[in-house]
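Here's the letter readout for the chains.
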Amino acid sequence: MAFFLLILLLLLLGEKLAPYPPNDVDMSLRLQPLSAQHLLGTDHLGRDILSRILAGAHTTVGVSLSALFACLAVGVPLGLIAGYAGGRLDWSIMRLVDASMMFPDYIVAIVLSGILGAGTFNLIIAIVAVKWFGYARLVRSIVMAEKSKEYIASARLSGRSAAAILYHHLIPHVASSVSALAVVDIGKIILMIASLSYIGLGIQPPNAEWGSMLNEGRSFFISAPYLMIVPGAAILMVVLLVNVFGAAFADRFDTSTQKEG
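Judged by side-chain polarity, Ile107, Val111, Ile115, Leu116, Phe121 and Ile125 come together as a nonpolar surface patch covering roughly 590 Å² of accessible area. Every element with two or more residues in the nonpolar patch is listed here: helix H4 (105-116) and helix H5 (120-146). Ranked by residue count, the leading element in the nonpolar patch is H4, at four residues. You can see Leu116 is positioned in helix H4.

Put into structure tokens, the structure is as follows:
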């Protein structure tokens, strides 16, 4: 938890903690090794790597969270509607979900990013297109199990509207499971953003982003391997911490475990 909170702190204050402006070019400082002035060295344009790592935390993790919230905004309402309404509407939404699951996430994201073009907004659209259906399926399954129970029937008999039933009775049942899945998905989305930026389909230079920093360091892997090691280690550390925290969060808030207890 302490390391996870540290990552959130770096996300909020990363650029303010940077010792140098992350995009300032100084060719006289090109490819400087690790030193007291530049703790993680400088890149091929003389930019301080520590500053770019801190600024890149805001970009990489910030865009990941934006994409995650967009996935929730699409998948959760569709899952609620499909599970509660049933019938043809449920069939139509679930066939769309099934069609979305036919292809690997990364392949679809690469194709969409290539069609839409590089950029932050298009990157978020590509991620939402391959991630929303997981939340829709989860929410639908929970709603389908809950709507046949007596307390939902009592709410209907008392005259409560469908919107009120969804808001007051079904969404609370959905919230914990969706939150657990969302926390685990943060690491996957970070990897997807870094991967797309690495192949030039994500966030574009000179913006500091860990995947694009990996791409920029490829040409100097022999002479200056730290250009790839540092952003790669940042991605590894954050994804590992998020996955560990997500697993603990899922165990703590798993609704089925709570009910059995």
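Even without being a glycine, Leu31 presents a positive backbone phi close to 55 degrees. When you line up the elements, Leu31 lands in the loop between helix H1 (2-17) and helix H2 (49-85).

A separate point is the packing of H4 against H5. Between two packed helices, the angle of one axis relative to the other and the distance separating the axes together describe the packing. Taken N-terminus to C-terminus, the directions of H4 and H5 make an angle of 150 degrees; their axes are 9 Å apart at the nearest point. Put simply, H4 runs roughly antiparallel to H5. The handedness of the crossing between H4 and H5 is right-handed. The residues of H5 that touch H4, namely those facing Asp105, Val108, Ala109, Leu112, Ser113 and Leu116, are Asn122, Ile125, Ala126, Ala129, Val130, Lys131 and Phe133. Across the contact of H4 with H5, the residue classes break down as nine nonpolar, two polar and two charged.

As enumerated under the stated definition, the model contains one aromatic pair in all. Aromatic side chains Trp132 and Phe133 sit 6.3 Å apart centroid to centroid with 80 degrees between the ring planes, which places their arrangement in the edge-to-face category. In this pair, the class of Trp132 matches that of Phe133, namely buried. The cationic tip of Arg218 hangs over the ring face of Tyr198; the distance from NZ or CZ to the ring centre is 5.3 Å.

Applying the stated criterion to the full structure yields nine salt bridges. Put simply, Asp43 and Arg47 hold a salt bridge, and the shortest N to O gap is 2.8 Å. A residue is classified by how much of its surface remains accessible, and Asp43, at 5% relative accessible area, is buried. The shortest N-O distance in the salt bridge between Arg52 and Asp43 comes to 4.0 Å. Accessibility classification places Arg52 together with Asp43 in one group, the buried group. Each member of the salt-bridge network shares a partner with another, and the members are Asp43, Arg47, Arg52 and Glu216.

Conventions and cut-offs
- Residues numbered from 1 in each chain as written.
- Predicted model: local features only at pLDDT ≥ 70, side-chain atom pairs only at ≥ 80, totals over all residues.
- Heavy atoms only, no water.
- Patch = residues over 30% accessible without salt bridge, like charges linked within 9 Å, V, L, I, M, F, W, Y side chains within 5 Å.
- Areas by Shrake-Rupley, 256 points an atom, 1.4 Å probe, with all protein chains shown as cover.
- Salt bridge = Lys/Arg side-chain N within 4 Å of Asp/Glu carboxyl O.
- Helix = DSSP H or I, 4+ residues; strand = E, 2+ residues; numbered from the N terminus.
- Axes fitted to C-alpha atoms, helices over the stretch in contact; angles between N-to-C directions.
- Parallel < 35°, antiparallel > 145°, perpendicular 65-115°, else oblique.
- Left-handed = near helix turned anticlockwise from the far one by under 90°.
- Contact = heavy atoms within 4.5 Å.
- Nonpolar A, V, L, I, M, F, W, Y, C, P; charged D, E, K, R; others polar.
- Phe/Tyr/Trp six-rings, centres within 6.5 Å; stacked < 30°, edge-to-face > 60°.
- Buried < 20%, exposed > 50% of the residue type's maximum accessible area, 1.4 Å probe, protein only.
- Lys NZ or Arg CZ within 6 Å of the ring centre and 35° of its normal.

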